[in-house]
Amino acid sequence: MTAPPAHEPHGGALGSRLNWLRAAVLGANDGIVSTAGLVVGVAGATESQAALLTAGLSGLLAGSLSMAAGEYVSVSVQRDSETAALATERRELHESPEAELDELTHLLTARGLTPGVAREAAVQLTERDALKAHARVELGIDPDDLTNPWHAAWASFLAFTVGALLPLLAIVLPPASVRLWITVASVLAALTLTGWWSARLAAAPAPRATLRTVAGGALAMAVTYAAGSLLDVAGV
Ligand SMILES: [Zn+2]
């Protein structure tokens, strides 16, 4: 048997920590790109620092709150369905323990155990904690470790906010003559980091993923800047 590659998550805890980290990097990435697009677009239309600050701050708040709300809803739905599945499982274990033991045996056989060993394993798992065994083998969830919707919402909110702060500060703080270039440069540098890091976390080839992330951000800024400039020329 060969050892798993270094980046492959091999335990539930490590796997879920990696998932959280990946979600955080993606959330930060989202905050960088959407806020950068917003403030660069406004910078194409106006020199007004008040307008830039208003746009950037609104983009930060709208984005982070919408990410948090979306995450809350989706994790709540997932948690409700997991709780319902666990309740069904608990009832079935109570009403027909023999059929459930057969089911667990069958599932373990399907995973590669011989029928005799599968039966023995199913009996032992059922004696120790039948519900947990069915939750893990049949439903693929850990009943002691269901994701908390509030935690997920806060994590998304924070990740997006951290990302969004970069273009917001970069467009508002420097002098007017250089703020656009400082924003573009710092956004592309930050996207190089998030692109590279999220690729590493996903154990994917880093250069291509980094290039895609940076190109996506550059495109977003180019498109909104062009749109903002058109509005400025049109005198809107
Ligand atoms: Zn079952």
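- If you look the protein up in an unreviewed UniProt entry, it shows as Membrane protein from Streptomyces hydrogenans.
- According to the UniProt record, the Subcellular location (unreviewed entry) comment for the protein reads "Endomembrane system".

1. Section: the coordination of the zinc ion
The expected angle between donors at a tetrahedral four-coordinate metal is 109.5 degrees. At an octahedral six-coordinate metal it is 90 or 180 degrees.
Then comes step 1: The coordination sphere of the zinc ion contains the protein donors Glu89 (OE), Glu100 (OE), Glu103 (OE), His134 (ND1) and Glu138 (OE), at a distance range of 1.8 to 2.3 Å.
Then comes step 2: Along the chain, the residues donating to the zinc ion are arranged with the sequence spacing E-x10-E-x2-E-x30-H-x3-E. With Glu89 in helix H2 (residues 49–95) and His134 in helix H4 (residues 115–139), this pair connects stretches of sequence that are 45 residues apart. Side by side, Glu89 and His134 carry an identical accessibility label, which is buried.

2. As for the nonpolar core
Then comes step 1: Grouped together as the largest cluster of nonpolar side chains are 19 residues, with contacts concentrated most on Ile32, Ala43, Ile171, Val187, Leu191 and Met221.
Then comes step 2: Where this core is concerned, the elements lending two or more residues are helix H1 (12–45), H2, helix H5 (149–172), helix H6 (179–201) and helix H7 (206–234).
Then comes step 3: Dropping the residues within four chain positions of it, Ala43 is found in contact with Leu52, Ile171, Leu180 and Tyr225.

3. Some words on the confidence of the model for the protein
Then comes step 1: Summing up the model confidence of the protein, the mean pLDDT is 90 and the portion of residues at 70 or higher is 93%.
Then comes step 2: Here residues 1–10 is modelled with pLDDT under 50, and outside its nearest four sequence neighbours on either side it reaches seven contacts, counting other chains as well.

4. A short note on the UniProt feature "transmembrane region" (unreviewed entry) in the protein
Then comes step 1: The positions that UniProt labels "transmembrane region" (unreviewed entry) are, in the present scheme, residues 20–43, 50–69, 152–173, 180–199 and 211–231.
Then comes step 2: Each end of residues 50–69 is marked by a C-alpha atom, and these two atoms are 28 Å apart; helix forms 100% of the span and strand 0%.
Then comes step 3: Note that residues 180–199 is 100% helix and 0% strand, and that its end C-alpha atoms are spaced 28 Å apart.

5. Quick look at the environment of Gln78
Then comes step 1: Mapping Gln78 onto the fold places it in helix H2.
Then comes step 2: With relative accessibility at 38%, the residue Gln78 sits in the partly exposed group.
Then comes step 3: In this structure, the C-alpha to C-alpha distance between Gln78 and Ala51, residues 27 residues apart in sequence, is 40 Å.

6. As for the pattern of salt bridges
For side chains bearing opposite charge, pairing can occur when the charged atoms are close.
Then comes step 1: Under the criterion given, the structure shown has three salt bridges.
Then comes step 2: Ionic pairing is found between Asp102 and Arg119, a salt bridge with its closest N-O pair at 2.8 Å. Taken together, the residues Asp102 in helix H3 (residues 97–110) and Arg119 in helix H4 connect sequence positions 17 residues apart.
Then comes step 3: A relative accessible area of 29% means that Arg119 is categorised as partly exposed.
Then comes step 4: With a closest N to O distance of 2.7 Å, Lys132 and Asp144 form a salt bridge. On the criterion of sequence distance, the pair formed by Lys132 in helix H4 and Asp144 in the loop between H4 and H5 is long-range, its members being twelve residues apart.

7. Some points on the side chain of Thr213
Then comes step 1: The topology assignment puts Thr213 in helix H7.
Then comes step 2: Judged by relative accessible area, which is 18%, Thr213 ranks as buried.

Rules used throughout
Residues numbered from 1 in each chain as written. Predicted model: local features only at pLDDT ≥ 70, side-chain atom pairs only at ≥ 80, totals over all residues. Heavy atoms only, no water. UniProt positions renumbered as here; feature names shortened; annotations may be inferred. Donors = N, O, S within 2.8 Å, 3.2 Å for Na, K, Ca; no water. Helix = DSSP H or I, 4+ residues; strand = E, 2+ residues; numbered from the N terminus. Buried < 20%, exposed > 50% of the residue type's maximum accessible area, 1.4 Å probe, protein only. Core = buried A, V, L, I, M, F, W, Y, C linked by side-chain atoms within 4.5 Å. Contact = heavy atoms within 4.5 Å. pLDDT = per-residue confidence, 0-100. Salt bridge = Lys/Arg side-chain N within 4 Å of Asp/Glu carboxyl O.

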